[in-house]
Amino acid sequence: EPEVTQTPSHQVTQMGQEVILRCVPISNHLYFYWYRQILGQKVEFLVSFYNNEISEKSEIFDDQFSVERPDGSNFTLKIRSTKLEDSAMYFCASSRGPTGGTYGNQPQHFGDGTRLSIL
Amino acid sequence: DAKTTQPNSMESNEEEPVHLPCNHSTISGTDYIHWYRQLPSQGPEYVIHGLTSNVNNRMASLAIAEDRKSSTLILHRATLRDAAVYYCILREYNQGGKLIFGQGTELSVKP
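None of these values were measured; they are calculated from a predicted model. (Residues numbered from 1 in each chain as written. Chains lettered and ligands numbered in written order. Predicted model: local features only at pLDDT ≥ 70, side-chain atom pairs only at ≥ 80, totals over all residues. Heavy atoms only, no water.)

J.: Just give me the short version of the overall build of chain B, but keep the residues and values in it.
T.: For chain B, the helix and strand inventory stands at zero helices and nine strands. Along the chain direction, N to C, the helices and strands of chain B fall in the order β-β-β-β-β-β-β-β-β. For chain B, the C-alpha atoms occupy an extent of roughly 40 × 30 × 25 Å along the three principal directions. In the structure as shown, chain B presents an accessible area of about 5,500 Å², 46% of it carried by carbon and sulfur atoms. Distance from the positive charge centre (10 side chains) to the negative charge centre (12 side chains) of chain B: 5 Å. (Helix = DSSP H or I, 4+ residues; strand = E, 2+ residues; numbered from the N terminus. Areas by Shrake-Rupley, 256 points an atom, 1.4 Å probe, with all protein chains shown as cover. Lys, Arg positive; Asp, Glu negative; His and termini not counted. Charge placed at Lys NZ, Arg CZ, Asp CG, Glu CD.)

In structure tokens:
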């Protein structure tokens, strides 16, 4: 069964450094997402991406964050200048997108995440 | 955002059925009911979804109340591998693609 893959599984970075988290979504999916989960807290939406544009972003996704689909397979999340509070699990997800005019009928498929530790 | 209410935790014995409840009294007519689960140290995993009728797949069954204000995820024979946090999420018609996760129900399975 096709799956979403994320690399690296664990990233340790000094505060203030740039970090890029990588994801390979399922090949025939058109919608891509990033979520994060701070230890012991809820999974939080960061951003959705479709047709090479951001569709929606949360308040968390400020100017320090950016996303890109540099080729036909990868989807990346960049944090320009990391802060201690960016330490979290980051999950990538993908889906086929809406059918019949609604997102309701389409599941999202998640990767196993990248654990980002900021020192 | 439409809200769901789930118990914080539940316990089950291995090989017994598990019924995980979810209340969503403010659901609108176009909202789909989705269930995801998150095993320890893994990403969320899609389980099942439905709109009005009960649904079955290889992982679970979803029973939806006639008024759609509640639903129940049914695991027919719990295994140790089913120990996870289970999330009941409403996918709103005009919400866009994002999933809004609550705290979910932490299911523990005893051998």
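J.: Which residues make up the sheet that holds strand β8 (residues 75–79) of chain A, and what values do they have?
T.: All names here are of chain A. Within the open sheet, the four strands sit side by side as β1-β3-β8-β7. Their pairing is antiparallel. Each edge of the open sheet carries a strand with a single partner, namely β1 (5–7) and β7 (65–68). Averaged over all pairs of adjacent strands, the angle between their axes in this sheet comes to 20 degrees, without regard to strand direction. Pairing geometry for β1 and strand β3 (residues 19–24), over three bridges, is antiparallel. Bridge assignment links Thr-7 to a residue of β3, and that residue is Arg-22. (Pairing = 2+ DSSP bridges. Axes fitted to C-alpha atoms, helices over the stretch in contact; angles between N-to-C directions.)

J.: So, the side chain of His-49 of chain B: which residues are in play, and what are the values?
T.: Looking at the secondary structure, you find His-49 of chain B in strand β4 (residues 45–50). Take His-49 of chain B: its relative accessible area is 15%, and that puts it in the buried class. In terms of polar contacts, His-49 of chain B uses its side chain to reach the side chain of Asn-105 of chain A, at 2.7 Å. Those residues in contact with His-49 of chain B that lie beyond four places of it in its chain are Gly-104, Asn-105 and Pro-107 of chain A together with Tyr-32, Ile-33, His-34, Val-55 and Leu-62 of chain B. (Buried < 20%, exposed > 50% of the residue type's maximum accessible area, 1.4 Å probe, protein only. Polar contact = N/O pair within 3.5 Å; in protein donor to acceptor, adjacent residues only side chain to side chain. Contact = heavy atoms within 4.5 Å.)

J.: If you had to explain the sheet that holds strand β7 (residues 70–75) of chain B to someone new, which residues and values would you point to?
T.: Residues and elements named next belong to chain B. If you trace the four strands from one edge of the open sheet to the other, you get β2-β7-β6-β5, paired in antiparallel fashion. Of all the strands in the sheet, the pair left with one neighbour each is β2 (18–23) and β5 (55–56). As defined by bridge partners, strand β6 (residues 61–64) adjoins β7 across four bridges and the pair is classed as antiparallel. Paired with Leu-62 across the two strands is Leu-73, which belongs to β7.

J.: Explain the packing of aromatic side chains to me, and be specific about the residues and the numbers.
T.: Across all of its chains, the model carries 14 aromatic pairs over all chains by this definition. With 5.4 Å between their ring centres and 40 degrees between their planes, Phe-32 of chain A and Phe-75 of chain A make a pair best called tilted. Taken together, the residues span a long stretch of sequence, with Phe-32 of chain A in strand β4 (residues 31–37) and Phe-75 of chain A in strand β8 at a distance of 43 residues. Under the relative-accessibility criterion, Phe-32 of chain A is labelled buried at 4%. Aromatic pair Phe-110 of chain A and Phe-101 of chain B: ring centres 6.1 Å apart, planes at 80 degrees, arrangement edge-to-face. Within this pair, whereas Phe-110 of chain A is found in strand β10 (residues 109–110), its partner Phe-101 of chain B is found in the loop between β8 (84–91) and β9 (105–110), the two belonging to separate chains. Taken together, the aromatic side chains of Tyr-33, Tyr-35, Phe-45 and Phe-110 of chain A together with Tyr-36, Tyr-46, Tyr-87 and Phe-101 of chain B make up a single cluster linked through ring pairs. The lysine or arginine in question, Lys-98 of chain B, covers the ring of Phe-45 of chain A, its NZ or CZ lying 5.9 Å from the ring centre. (Phe/Tyr/Trp six-rings, centres within 6.5 Å; stacked < 30°, edge-to-face > 60°. Lys NZ or Arg CZ within 6 Å of the ring centre and 35° of its normal.)

J.: Can you break down the pattern of salt bridges residue by residue, with the values?
T.: All names here are of chain B. Scanning the entire structure with this criterion turns up six salt bridges over all chains. Across the pair Glu-11 and Lys-110 runs a salt bridge, and its minimum N-O distance is 3.4 Å. Of this pair, Glu-11 sits in strand β1 (residues 9–13) while Lys-110 sits in strand β9; the two residues are 99 residues apart in sequence, bridging distant segments of the chain. Given a relative accessible area of 57%, Glu-11 falls into the exposed group. With relative accessibility at 39%, the residue Lys-110 sits in the partly exposed group. (Salt bridge = Lys/Arg side-chain N within 4 Å of Asp/Glu carboxyl O.)

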